[in-house]
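Architecture at a glance
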Amino acid sequence: MDSSALLYNQLKTAEPFFLLAGPNVIESEEHIFRMAKHIKTIATKVGLPLVFKSSFDKANRTSSKSFRGPGMVEGLKILEKVKLAYDLPIITDVHEALQCEEVGRVADIIQIPAFLCRQTDLLVAAAKTGKIVNIKKGQFCAPSVMVNSAEKVRLAGNPNVMVYDLIVDPRNLEWIREANCPVVADVTHALQQPAGRKLDDGGVASGGLRELIPCIARTAVAVGVDGIFMEVHDDPCNAPVDGPTQWPLRHLEELLVELIAIARVSKGKQRFNIDLSPYRD
């Protein structure tokens, strides 16, 4: 079994769920190393499989003045160093089909951004790397669309596909199971408010409702998702990108312990057998 299939099977069978976590964007090599070290320590302590996440280029920023990251070449070098230093699988996103081959040499999971979840050429290029493809459901898409997006990856010869949702409606987490692959809930971007903050230089940045992250996360694990996607930062008030929706590192362990407890008592992964026959006394 190749490494992608092995990781995919490990994530599919993770109990009670797996964790995709890290800072939104690569700010520096030193910062990425520090975050990877702390998040791995916490994930290991609470017993969750971890895939470390960060982006090399935030190409879909609201403003052209917004911080985007170090770019693909330098960013992949940093992610590869982290991967080797901490023995961590890596997830990062792509925005163009031509990026996929190079990203696939480093990343274990290639993430497709929400705005691009229907782009056939991008999905096929990601699939052909042989790496796991994680497709983010667009806010503009019905859950059924993810069935088709996942099928595009499979038809390109790659069975290792996951879908995930920015939770707006918990029913989506049930409906997108029709894609027949692991379901991941994004509990931080779900609370983003694009262009919600004006910057001193005249630009704009995303706002957000960080205080509601526990609410969204509790809902997701109760419903019975397979994985949780969470952006985490050690100083979110000074993060250059999406600070208002990154969860504070100091509270990561506390929240994960609670989510694990909820997931263990929930029967969310099991379909409720509804008996519609007439009730008789």
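For the structure itself, consult the block above.
Residues numbered from 1 in each chain as written. Predicted model: local features only at pLDDT ≥ 70, side-chain atom pairs only at ≥ 80, totals over all residues. Heavy atoms only, no water.

What to know about the overall build of the protein chain
Scanning the protein chain from terminus to terminus reveals 9 helices and 11 strands. Counting contacts in the protein chain only where the partners sit at least 6 residues apart, residues at least 24 apart contribute 67% of the total. Approximately 13200 Å² of the protein chain is accessible, and the part contributed by carbon and sulfur atoms is 52%. (Helix = DSSP H or I, 4+ residues; strand = E, 2+ residues; numbered from the N terminus. Contact = heavy atoms within 4.5 Å. Areas by Shrake-Rupley, 256 points an atom, 1.4 Å probe, with all protein chains shown as cover.)

Considerations on helix α2 (residues 29-46)
Between its first and last C-alpha atoms α2 spans 26 Å; for 18 residues at 1.5 Å apiece the expected length is 26 Å, and the two agree. Looking at α2, one finds that the buried residues are His 31, Ile 32, Met 35, Ala 36, Ile 39, Ile 42, Ala 43 and Val 46. For α2, the arc enclosing every buried residue in end-on projection is 140°, short of the 170-degree limit, so these residues lie on one face. For α2, the exposed residues set more than 90 degrees away from the buried face come down to Glu 30, Thr 41, Thr 44 and Lys 45. (Expected span 1.5 Å × (residues − 1). Buried < 20%, exposed > 50% of the residue type's maximum accessible area, 1.4 Å probe, protein only. Arc of directions from axis to C-beta.)

Thoughts on the pattern of salt bridges
Using the criterion set out here, one finds 15 salt bridges in the structure. The salt bridge partner of Arg 34 is Glu 30, with a shortest N-O separation of 2.2 Å. You can see Arg 34 and its partner Glu 30 sitting in helix α2, 4 residues apart, about one turn around the helix. By relative accessible area, which is 29% here, Arg 34 ends up partly exposed. Close ionic contact of Glu 151 with Arg 154 constitutes a salt bridge, the shortest N to O distance being 3.6 Å. In this pair, Glu 151 and Arg 154 both sit in helix α6 (residues 145-155), 3 residues apart, roughly one turn of the helix. Classification of Arg 154 as partly exposed rests on a relative accessible area of 24%. Sharing partners across several salt bridges, the network here consists of Glu 174, Arg 177, Glu 178 and Arg 271. (Salt bridge = Lys/Arg side-chain N within 4 Å of Asp/Glu carboxyl O.)

Considering the pairing of strand β5 (residues 132-136)
In terms of burial, β5 is a largely internal element, 5 of the 5 residues being buried. Side-chain alternation along β5 places Ile 132, Asn 134 and Lys 136 on one buried face and Val 133 and Ile 135 on a second face that is also buried. The sheet contact formed by strand β4 (residues 109-112) and β5 spans 4 bridges and is parallel. Counterpart to Ile 109 in the pairing with β5 is Ile 132. For the handedness criterion, the β-α-β arrangement of β4, helix α5 (residues 120-127) and β5 is classed as right-handed. (Pairing = 2+ DSSP bridges. Right-handed = clockwise from strand over helix to strand, strands pointing away.)

A short note on helix α3 (residues 72-86)
Taking 1.5 Å per residue as the helical rise, α3 with its 15 residues ought to reach 21 Å, and the 21 Å between its terminal C-alpha atoms agrees with that figure. Those residues of α3 that sit buried are Met 72, Gly 75, Leu 76, Ile 78, Leu 79 and Val 82. Burial along α3 is one-sided: seen end-on, the buried residues are contained in an arc of 160°. Opposite its buried face, α3 presents the exposed residues Val 73 and Leu 84, each directed more than 90 degrees away. Contact partners of the buried residues in α3: α2, β2 (50-53), β3 (90-93) and α4 (100-104). Downstream of α3 by one or two residues, Asp 87 has phi in the positive range, about 50°.

Details of unusual backbone geometry
A cis amide bond links Glu 15 with the next residue in sequence, Pro 16, at an omega value of 0°. Within the secondary structure layout, Pro 16 lies in the loop between α1 (3-12) and β1 (18-22). Despite not being glycine, Asp 87 shows a phi value in the positive range, around 50°. Relative to the helices and strands, Asp 87 is located in the loop between α3 and β3. In this model, Asn 180 sits at a positive phi of 60°, which is unusual for a non-glycine residue. In this structure, Asn 180 sits in the loop between α7 (171-175) and β7 (183-186). Residue classification places Asn 180 among the exposed residues on the basis of a relative accessible area of 65%.

Brief notes about the environment of Val 82
Relative to the helices and strands, Val 82 resides in helix α3. Residue Val 82 is classed as buried on the basis of its relative accessible area, which comes to 0%. Separated by 46 residues in sequence, Val 82 and Ala 36 have C-alpha atoms that sit 7.2 Å apart. In this structure, Val 82 is in contact with Ile 32, Phe 33, Ala 36, Phe 52 and Asp 87, ignoring residues within four places of it in sequence.

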